[in-house]
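Residue-level structural notes
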Amino acid sequence: MAHPLVAIILAAGEGTRMNSKTPKVLHSVGGQPMIDYALENAQAVSPSKIYVVVGAQSQSVAAYLGKRAIPVLQKKRLGTGHAVQQVLPHLKSFKGNVLILYADACLIRPQTLLALRQFHLLQNAAATLLTARVETPFGYGRIVRGGEGEVRKIVEEKDATEEERRINEINAGLYLFKAQALIESLRTLKANNAKKEFYLTDSIHRILADGGKAHALMVPDRTEVLGINNRSQLAQAHRLLNLRRVMEHQRNGVTFLSPKAVEMGARVVIGRDTVVEGNVEIQGATVIGEDCRIESGSHLFSVKTGKGVVIRSSRIVESELGDGCDAGPFAHVRGGCVLDKKVHVGTNAELKNARIGGGSKVGHFSYVGDAKLGRDVNVGAGCVFANFDGKKKHSSLVGDGAFLGSNSTLVAPVKIGARAIVGAGAVVTRDVPAGATVVGIPARPVKKKNS
Ligand code: UD1
Ligand code: CA
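Conventions used here
- Residues numbered from 1 in each chain as written.
- Chains lettered and ligands numbered in written order.
- Predicted model: local features only at pLDDT ≥ 70, side-chain atom pairs only at ≥ 80, totals over all residues.
- Heavy atoms only, no water.
- Core = buried A, V, L, I, M, F, W, Y, C linked by side-chain atoms within 4.5 Å.
- Buried < 20%, exposed > 50% of the residue type's maximum accessible area, 1.4 Å probe, protein only.
- Helix = DSSP H or I, 4+ residues; strand = E, 2+ residues; numbered from the N terminus.
- Contact = heavy atoms within 4.5 Å.
- Polar contact = N/O pair within 3.5 Å; in protein donor to acceptor, adjacent residues only side chain to side chain.
- Donors = N, O, S within 2.8 Å, 3.2 Å for Na, K, Ca; no water.
- Pairing = 2+ DSSP bridges.

Observations regarding the nonpolar core
- Counting 53 residues, the largest nonpolar core has Phe385 and Ile416 as its most contacted members.
- Elements with a contribution of two residues or more to this core: β13 (262–264), β16 (280–283), β28 (350–356), β30 (367–373) and β36 (414–416).
- Setting aside chain neighbours within four positions, we find Ile416 in contact with Leu397, Val398, Gly399, Ala402, Leu404, Leu410, Val422, Val428 and Val432.
- Residues Leu116, Ala132, Leu174 and Ile228 belong to the second largest nonpolar core, which totals 46 residues.

Structure (structure tokens):
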């Protein structure tokens, strides 16, 4: 490899300002734990290894990481420099570059890492750090530059003078170091600052003092450098991520009526000319077709839809809806449903593990669970598939064109033949032949007069 690189993600901080039982890096932002963003970003520059420094509740973080990274324990949280020192035994003979990321900076884009690497290699720098000009620099390390614009030092909020606090260029917490320069500079680290911590930023000072080259690259989009230290910054990052995803969909031709009031997962795909109203959540591996309408109050998790689907204030989970389907208001399509074209799911209807043929109508207040329905079936209002006998779940089959009257109950397992009619309020306990009409409790065939 031309430029061998390893990545170190710092994730051992206690996240005191979050005031939480959960380690900070496992808090969800934009629909996934914070640490996922650092991992994805690290992967952008193809490191041969990714180390994650873990501390607070290290086991749960390490378990979450699984095989994606090598956890390194920092027993005592003595600062960012001390955290990196824990990885040094793994880097003894390593000659390439070391990328260091803070796990609480979720908004940095992978492209920014590529730019940082390019800059670092081009400058042949011992260290390169990412900075940005922000509106409110409070809490961040400030970048003090000299007359030539060169980086002089990074000074933390608590250690800064009045004048330094007015600097609005801040340290983003993303660095590239030549391995040997990093190892050398970490040897002499001292905790002589307001927080009594070993600061990683002091290794930049060491490199500069030794006459080495340390540069800073400024990222133009200041939203990228937001560090998440408290719940307010968590909310801010969450909104920014959502908005960023919404804007991407807008470029793809999707209309959002209230772009700021949408929860959008990272992996969602939406077709052209679809309209998404406000107060909508779309998550997981959802793929929405063209010309759909997702109305206010809808929640979609890993849903696939065809074209022209309308979803009104409904919750749809792990299911597929064919072209022209409509659901709701207040429909609940639970997992495992496959609806063919133009299926109507009415108000307050609930579906679970159901396959429904094209043109069928599942009316209001009905429940269809563990069933296969043919084409053009009519499920009347309040019709219930009684699929559970108290011990086991049972399946039902309904043939094409069957008509299930209002308030009827199908005691599963049961088969209703094609074009059969079940009278309103009937309780079906036995199979109904094709074309037959059954009524009553328990449902019996209607005898045809004069035959
Ligand atoms: C740090 C930087 C600051 C920068 C800001 C950007 C230092 C000294 N300060 O400040 O210049 O502007 O990030 O967001 O580096 N961590 C450990 N072990 C520790 C301490 C921290 O792994 O002992 C991890 C944390 O989990 C976190 C990251 O390092 O992911 C940064 O630590 P944090 O305490 O949030 O630093 P800031 O005060 O935000
Ligand atoms: Ca931070």
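Overview of the side chain of Gln74
- For Gln74, the location among the structural elements is in the loop between β5 (70–73) and α3 (80–85).
- Among the polar contacts made by the side chain of Gln74, one reaches the main-chain carbonyl oxygen of Lys76 at a distance of 3.5 Å.
- A distance of 2.9 Å separates the side chain of Gln74 from the side chain of His82, its partner in a polar contact.
- For Gln74, the residues in contact, after removing those within four places along its chain, are Ala12, Val53, Val54, Gly55, Gly79, His82, Ala83 and Gln86.

Some thoughts on the coordination of the calcium ion (ligand 2)
- Looking at the calcium ion (ligand 2), the protein donor atoms are Asp104 (OD) and Asn229 (OD1), and they sit 2.2 to 2.4 Å from it. With Asp104 in the loop between β6 (97–102) and α4 (110–123) and Asn229 in the loop between β11 (214–218) and α8 (231–251), this residue pair connects regions lying 125 residues apart in the sequence. The residues Asp104 and Asn229 share a single accessibility class, namely buried.

Focus: the sheet that holds strand β40 (residues 444–445)
- Taken together, the 12 strands give an open sheet; going across it, the order is β12-β15-β18-β21-β24-β27-β29-β31-β34-β37-β39-β40, and neighbouring strands pair in mixed fashion. Across the chains shown, the open sheet's two edge strands, defined by having one partner strand only, are β12 (255–256) and β40.
- Bridge count between β12 and strand β15 (residues 275–276): 2 bridges; the pairing is parallel. Looking at β15, one finds that Thr255 is bridged to Val275.

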